[in-house]
Each structure stands twice: as C-alpha cells, then as structure tokens.
Amino acid sequence: MARIAPSILSADFAALGDAVDQVAAQADLLHVDVMDGHFVPNLTIGPPVVESLRKHTDLYFDVHLMMTNPGDYLEAFRRAGADGCSVHVEVDDTDELIDQMRRLGVDVGLAVNPETPFDAFTRWLDRIDLILLMTVHPGFGGQSFMPEVLPKIRRTRDEIDRRGLAVAIEVDGGIDVQTAPLAAEAGATVFVVGSAIFGEPDPAAAAHAIRHAADRAAEPGVAEPGVAEPGPPQPNWAR
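A short tour of the structure in this document, coming up. (Residues numbered from 1 in each chain as written. Predicted model: local features only at pLDDT ≥ 70, side-chain atom pairs only at ≥ 80, totals over all residues. Heavy atoms only, no water.)

### A few points about the pattern of salt bridges
Should their charged atoms come close, side chains of opposite charge can pair.
So, point 1. Per the stated rule, a full pass over the model turns up 12 salt bridges.
So, point 2. A salt bridge links Glu75 to Arg79, with the nearest nitrogen and oxygen atoms 3.5 Å apart. You can see Glu75 and its partner Arg79 sitting in helix α3 (residues 74-80), four residues apart, about one turn around the helix.
So, point 3. Residues Arg155 and Asp119 are paired through a salt bridge, measuring 3.7 Å at the closest nitrogen-oxygen approach. Pair noted here: Arg155 is in helix α5 (residues 150-163) and Asp119 is in the loop between β5 (107-112) and β6 (130-134), with a separation of 36 residues, a long-range link.
So, point 4. With relative accessibility at 45%, the residue Arg155 sits in the partly exposed group. (Salt bridge = Lys/Arg side-chain N within 4 Å of Asp/Glu carboxyl O. Helix = DSSP H or I, 4+ residues; strand = E, 2+ residues; numbered from the N terminus. Buried < 20%, exposed > 50% of the residue type's maximum accessible area, 1.4 Å probe, protein only.)

The following block contains the structure:
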C-alpha cells in the first residue's frame, strides 16, 4: 500500500497541531521540510517546532534536511523527536552523514535533486532506509511535478529490486491525485503531499484519494482502501 506523508510546509503554521489532527487518520508519517536559506533559497523551521509537534502526535516524523551542513543539526533533530532524517547527496560527506545517523539511531534517508543523476547516489543504496527523489526543485512548495524524473524513479526501483534491498522510494513535489499514479507506476512507495492535502477542505479525504490513486497504479484492480489506523512510529518503517 502507498504510504502518505503530509508535508507540514503547506499547513497553517499558526495552527500546526490542528492541521496534523485533521490528516492524522490518513497519514503514515509526517514530512517536515527544513530549509536553511543556503542550500535552498528559503527558511522554514528548526528543532523547537519539531519538539512541540512531538508532544502533540505519535506519527512518524520524516525530517527532510535541505541544508548545507546537516551534520551539525542531526542530533538536535533526533532529540526533538525525528524518527528518520534525509540529507542531500549534493552536500557531499555522505558516508560520514550516514554513519552519524546510524549512531544516533534515526532511520537513514538520502535525498536527490531532480537534475542529480542516478550514478551519483546508487553506491549508497545498500546503506540507507529511504531514497527521496525530488520531483520539483527543492526550496518552495506548490511547484509542478517534473515528469522527467520518472525514468530515474524506474531505474532506482529496478536497481533496488535487482539487489534485493529493503529501501523505500519516496517522491516529493507536485504530488496529487493525478501525479501520484505516475510515480507509483514507476516504483515509488512513499508520497510527500503538501498543498494537495492541506489546501483542500477535507485534508483526510484528499490524502485517502491520493493513496487510492497510487495503489491502483501500482496494483491495478486494488480495492478501495480503508481508513488507516494511526499508531506509534516503527523503527526502520521503510523495511
């Protein structure tokens, strides 16, 4: 079944707790975009916001670090309540960052920009839990899905399957009821969704519709999914 990761970047920051409550029944994990104003031209949130949300929900926190120096903040986000962190392959020091995340006990994600080629990250697939393939340029919400990333998703799925790896493929950017099936058919399993959930009158219903569309594309003929029961985060959930 497709996993839905609502992105709080698109939620009402004045009422984040309420926004999470509205979508919790259909959320498998909560996606937290951290932008530093250097790696990407925008600023968002830091560990204090994650810590506040951690007191409000037991959803899995999937923290995407769009930062030039993520290693300086990994421990702070773990203490704040992150369950998994994704760092960008483009910032280098990938081996060291993976080792640091393992030592800290968070699930390991590796994020990849749309223009970054497959060969730039394939060597680390056997050391991570999740590969986050950006389907927009990182830094801003509300962008359009980039279909030119689909061949990279397919190639990544083929490589993961060929090597028998337990790695989730996450996609982020422009995901909605029309584009989620494209990514699912290509092999994605986790779908970060922002405005297509939080911009709708009924966020949970919107998440349900996107999950169903992705499931039907991945497994034609799949029945209508039921409402997901929220539960505590599971270690290495991607496996």
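Continuing now.
### Some details on the nonpolar core
So, point 1. Core analysis: the largest hydrophobic core is formed by 70 residues, its most contacted members being Val63, Leu65, Phe121, Ile131, Ile153 and Phe191.
So, point 2. Setting aside its immediate chain neighbours within four residues, Leu65 contacts Val34, Pro70, Leu74, Phe77, Cys85, Ser86, Val87 and His88.
So, point 3. By size, the runner-up hydrophobic cluster in this structure holds six residues, among which are Ala5, Tyr60, Ala168 and Val190. (Core = buried A, V, L, I, M, F, W, Y, C linked by side-chain atoms within 4.5 Å. Contact = heavy atoms within 4.5 Å.)

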